Amino acid sequence: MISADEKTSIQARCRCHPTLAPGQARAMRVNHTYGRGGALAYLAAYDVHHARVFGRTGPRTGIVPFMNLVTQVMSQESHASAKRVFWIVDNGSSHRGQKAAARLTAAFPNAAIVHTPVHASWLNQVEIYFSVVQRKVVSPNDFTNLTEVRDRLRTFEDRYNAAAQPFQWKFTTFDLDDLLARLDRHTADHHEESSAVVAA
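Residues numbered from 1 in each chain as written. Predicted model: local features only at pLDDT ≥ 70, side-chain atom pairs only at ≥ 80, totals over all residues. Heavy atoms only, no water.

Caption draft 1: Here's a closer look at the packing of aromatic side chains. Evaluation of the coordinates by the stated rule reveals 8 aromatic pairs. Between Phe156 and Tyr160, the aromatic rings sit 6.0 Å apart at their centres with planes inclined by 40°, giving tilted as the arrangement. Here Phe156 pairs with Tyr160, and both are found in helix 4 (residues 146-163), just 4 residues apart, close to one helical turn. The residues Phe156 and Tyr160 share a single accessibility class, namely buried. In textbook terms, an aromatic cluster arises when at least three aromatic residues are bridged by ring pairs, as seen for Tyr42, Tyr129, Phe130, Phe156 and Tyr160. (Phe/Tyr/Trp six-rings, centres within 6.5 Å; stacked < 30°, edge-to-face > 60°. Helix = DSSP H or I, 4+ residues; strand = E, 2+ residues; numbered from the N terminus. Buried < 20%, exposed > 50% of the residue type's maximum accessible area, 1.4 Å probe, protein only.)

And the structure:
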């Protein structure tokens, strides 16, 4: 099972003054002015059961970069010989709808796309990996150029693959039922408040 998505527009921002690491009784200091060094996209496929990340960078996202990521993953064992490989994706433009599903299956007959519900890309585990990347690699975004961004992402990916364990996914069907019930209660309460305001 592969969880895949894109992290767009990772910018190389060269701070005008060096960032100061936190010290005793002093928070990190990051200069607010910077020079722009361009931006790139980071595409990643996360093997849910083995905590392995396959990543690639490029100038932009789209169908071709996404299919290049798919080829990168599906050409390696054990995915190439697997009976079925499920690709969990959101509804982004590069992998949306039946055309994307047909394109994937045409290229790799053992691959199948599973879309998360609309506005629920947080259900995709690669988003957890991207949050780790944001905190440990991108922030505070102090890079002299895009090569430095690429190198940092690759280095982190190698380190992550050497040490990571699968995420302990804890959102169960019971949690979903509870969330939906709370949303129903909130909607009903909000509707009653709106009705009372109109009546007044």
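Caption draft 2: Here's a closer look at helix 3 (residues 126-138). Taken residue by residue, helix 3 has Val126, Tyr129, Phe130, Val132, Val133, Val137 and Val138 as its buried positions. For helix 3, the angular spread of the buried residues around the axis is 160°, confining them to a single face. Opposite the packed face of helix 3, turned more than 90 degrees from it, sit the exposed residues Arg135 and Lys136. Along its buried surface, helix 3 packs onto strand 1 (2-15), strand 2 (34-47), strand 3 (52-58) and helix 4. (Arc of directions from axis to C-beta. Contact = heavy atoms within 4.5 Å.)

Caption draft 3: Representation of unusual backbone geometry within the structure. The omega torsion of the bond from Glu77 to Ser78 falls at 5°, within 30 degrees of zero and hence cis. Within the secondary structure layout, Ser78 lies in the loop between helix 1 (63-74) and strand 4 (85-89). Residues other than glycine seldom take positive phi values, yet Ser9 does so here, at roughly 50°. Mapped onto the secondary structure, Ser9 falls in strand 1. Here Ser9 falls in the partly exposed class, since its relative accessible area comes to 45%. Despite not being glycine, Ala51 shows a phi value in the positive range, around 55°. Accessibility expressed as a relative area gives 0% for Ala51, which makes it buried.

Caption draft 4: Spotlight on the pattern of salt bridges. For the structure shown, the criterion picks out 3 salt bridges. The residue Glu148 makes a salt bridge to Arg152 at a minimum N-O spacing of 4.0 Å. With Glu148 and Arg152 both in helix 4 and 4 residues apart, this pair spans about one turn of that helix. (Salt bridge = Lys/Arg side-chain N within 4 Å of Asp/Glu carboxyl O.)

Caption draft 5: How the structure looks around the pairing of strand 2. Of the pairings in the sheet, the one linking strand 1 to strand 2 comprises 11 bridges and is antiparallel in character. Pairing of Ile10 across the sheet is with Leu40, part of strand 2. Pairing of strand 2 with strand 3, which is carried by 7 bridges, proceeds in the antiparallel orientation. By the bridge assignment, Tyr46 is partnered in strand 3 with Val53. Between strand 2 and strand 3, which follow one another and run antiparallel, lie 4 residues, and Ala51 among them has a positive phi close to 55°. (Pairing = 2+ DSSP bridges.)

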